[in-house]
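In case you want the letters, here they are:
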Amino acid sequence: MTNWGILGCGKIAGKFANDLLLTEGVNLYAVASRDKEKAANFGNTYKAIKSYGSYEEMAQDPDIDIVYIATPHMFHKENTLLCLSNNKAVLCEKAFAMNLEEVEEMIAFAKAKTIFLMEALWTHFLPHYKFVLDKVASGTLGEIQSLKADFGFNSPFDTTSRLYNKSLGGGSLLDVGIYPVFAALSLLGYTEDIEAKATLGPTGVDHNCSMHLRYAQNVEVQLFSAIDEETPTRCHIVLEKGEIIINSRFHEPSSVTLTENCVTETLEFSTPKDVNGYHYEILHCQEMLALRKTESDVMTFSKSKELIMMLDKIRAQIGLSY
Ligand SMILES: NC(=O)c1ccc[n+]([C@@H]2O[C@H](COP(=O)([O-])OP(=O)(O)OC[C@H]3O[C@@H](n4cnc5c(N)ncnc54)[C@H](OP(=O)(O)O)[C@@H]3O)[C@@H](O)[C@H]2O)c1
């Protein structure tokens, strides 16, 4: 059994805890909140053995193997370094950190300590998404000609919400835009040839962001993210000899509509009952720890660096600095 700790008892922490409980070989050992009572309640709900009223206290618990960090992006670096310095492996939510400099510091520290660290880009571990990556890589549909991906939801403007709060790293790009950008990165690779436009709101964060990426092969890539508007949240890939649509919402367990040899079919990818889909990345971490790996062979350090470099580039274009 691997003993997991959860740092930060917010929304996503609850969904992740739900999946931890339903994953074999995993023990939700401890949870930590800045508030003791909140930690105790969260711990009771998800049957954690221990609950802590501070992140520092939990990080020092010698019985924890790995900590899942579920705080706003602005604190990812600080929380990651805290856990690594206490010799805990870390699975840290996306966006991994606020910029490349922070990501590099986290990675360098994990390497120096020879401790496992990974960005929790869960989409990369989902069966439907793996199917698409394999299908494109197999070459049977030829080269990608265009890619369109979006992720938008309508969250009413609220200055107290993490999403609209600049000091918490708010805005659409780092929260949801990261998924369309990841789609481009994972399917076509890294590019610096990006043009982006955004609508910045009164709190200085992007309410929505349009991105146009260019690749050497003249592939057309259009990406969009929003926190003030619901969008299809699909990923549409046109290839020389076919088409792939990752149906809504493409970043979470979903179906894939494939057109090949003029035949269109929709493939369903079932997920075990009651899980949200986080168990795939949990199982991957378990495997990496069992193999004593310090870096994921799927969500590698170079992928996390390229992802944040693309996000940095987009932020520079839309004039968003934190
Ligand atoms: N993978 C996914 O599907 C997914 C989905 C949603 C979000 N996320 C990512 O997960 C992270 C957390 O998102 P969330 O939606 O769970 O946010 P949330 O509900 O606001 O929870 C964040 C938690 O962080 C802790 N925290 C520490 N310092 C804080 C501060 N100064 N202000 C507010 N909270 C603070 C709080 O926990 P305590 O009060 O217990 O200390 C809070 O409950 C973000 O990086 C986001 O991008 C990932």
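The model shown is predicted, which means the values in this text are computed figures rather than measured ones.

What to know about the domain arrangement of the protein
1) Next: Split by domain assignment, the protein resolves into domain 1 (2-120) and domain 2 (124-276 + 305-318).
2) Next: Taken together, the 19 residues of domain 1 in the interface contact 20 residues of domain 2.
3) Next: Of the roughly 1,600 Å² buried between domain 1 and domain 2, counting both surfaces, carbon and sulfur atoms make up 66%.
4) Next: In terms of surface lost to domain 2, no three residues of domain 1 exceed H73, K94 and L100, which account for 30% of the buried area on that side.
5) Next: Counting every contact that joins domain 1 to domain 2 gives zero salt bridges.
6) Next: Remark: the boundary between domain 1 and domain 2 carries seven residue pairs in polar contact (both at pLDDT 80 or more).
7) Next: Secondary structure elements with two or more residues in the side of domain 1 that touches domain 2: α1 (11-21), α5 (100-113) and β6 (117-120).
8) Next: Ranked by residues supplied to the side of domain 1 that touches domain 2, first place goes to α5 with four residues.
9) Next: The residue inventory of the side of domain 1 that touches domain 2, partitioned by class, reads 11 nonpolar, three polar and five charged.

With respect to the environment of E93
1) Next: As for its position among the elements, E93 is in strand β5 (residues 89-93).
2) Next: Separated by 53 residues in the primary sequence, E93 and S146 place their C-alpha atoms 29 Å from one another.
3) Next: Ignoring anything within four residues of it in the chain, the contact list for E93 reads I12, Y68, I69, A70, H76 and A120.
4) Next: In terms of polar contacts, E93 uses its side chain to reach the side chain of Y68, at 2.6 Å.

Details of the sheet that holds strand β1 (residues 2-7)
1) Next: Reading across from one edge, β3-β2-β1-β4-β5-β6 is the order of the six strands in this open sheet, with parallel pairing throughout. Edge positions in the sheet fall to β3 (50-52) and β6, since each has one partner strand and no second. Looking at each pair of strands side by side, their axes are set apart by 25° on average, direction ignored.
2) Next: Relative to strand β4 (residues 66-69), β1 runs parallel, the two sharing four bridges. Directly across from G5, in β4, lies its bridge partner V67.
3) Next: Sheet contacts for helix α4 (residues 76-85): β1, β4, β5 and β6; angle to β5, the most-contacted strand, approximately 170°.

Let's talk about α5
1) Next: Helix length check: α5, at 14 residues, gives a terminal C-alpha distance of 20 Å against a target of 20 Å (1.5 Å per residue), a fit within 8%.
2) Next: Buried within α5 are the following residues: L100, E102, V103, M106, I107 and A110. Down the axis of α5, the buried set is contained in an arc of 165°. They therefore lie on one face. Exposed and facing more than 90 degrees away from the buried side of α5 are E101 and A112.

Here's the deal with the packing of α4 against α5
1) Next: Relative to each other, α4 and α5 sit at 5°, their axes nearing to 10 Å. On the basis of the axis angle, α4 is roughly parallel to α5. Contact with α4, carried on its side by H76, K77, T80, L81, L84 and S85, involves E102, E105, M106, F109, A110 and K113 of α5 and no other residues of that element.
2) Next: In terms of residue class, the contact of α4 with α5 is built from five nonpolar, three polar and four charged.

Regarding the side chain of H207
1) Next: As for its position among the elements, H207 is in strand β9 (residues 206-214).
2) Next: Using a relative accessible area of 11% as the deciding quantity, one classes H207 as buried.
3) Next: When sequence neighbours within four positions are dropped, the list of residues in contact with H207 reads F157, Y164, S172, T199, G201, P202, S225, A226, I227 and D228.

With respect to the UniProt feature "domain: Gfo/Idh/MocA-like oxidoreductase N-terminal" (unreviewed entry) in the protein
1) Next: Per the UniProt record, the feature "domain: Gfo/Idh/MocA-like oxidoreductase N-terminal" (unreviewed entry) sits at residues 3-115.
2) Next: For the annotated span residues 3-115, helix accounts for 44% and strand for 21% of the residues, and the straight-line distance between the end C-alpha atoms is 15 Å.

A short note on the pattern of salt bridges
1) Next: On inspection of all chains with the given rule, the structure shows nine salt bridges.
2) Next: Of the charged contacts, one joins R249 and E252 as a salt bridge, the two residues approaching to 3.2 Å between their closest N and O atoms.
3) Next: For R249, a relative accessible area of 31% translates into the label partly exposed.
4) Next: R315 is the salt-bridge partner of D312, the closest N and O atoms lying 3.4 Å from each other. Within this pair, D312 and its partner R315 are both found in helix α9 (residues 301-318), separated by three residues, close to a single helical turn.
5) Next: Looking at R315, the relative accessible area reads 9%, which means it is buried.
6) Next: Linked through salt bridges whose partners overlap, the residues forming this network are D193, E195 and R214.

What counts and what doesn't
Residues numbered from 1 in each chain as written. Predicted model: local features only at pLDDT ≥ 70, side-chain atom pairs only at ≥ 80, totals over all residues. Heavy atoms only, no water. Domains from an automatic or database assignment. Contact = heavy atoms within 4.5 Å. Buried area = accessible area lost by both parts, 1.4 Å probe. Salt bridge = Lys/Arg side-chain N within 4 Å of Asp/Glu carboxyl O. Polar contact = N/O pair within 3.5 Å; in protein donor to acceptor, adjacent residues only side chain to side chain. Helix = DSSP H or I, 4+ residues; strand = E, 2+ residues; numbered from the N terminus. Nonpolar A, V, L, I, M, F, W, Y, C, P; charged D, E, K, R; others polar. Pairing = 2+ DSSP bridges. Axes fitted to C-alpha atoms, helices over the stretch in contact; angles between N-to-C directions. Expected span 1.5 Å × (residues − 1). Buried < 20%, exposed > 50% of the residue type's maximum accessible area, 1.4 Å probe, protein only. Arc of directions from axis to C-beta. Parallel < 35°, antiparallel > 145°, perpendicular 65-115°, else oblique. UniProt positions renumbered as here; feature names shortened; annotations may be inferred.

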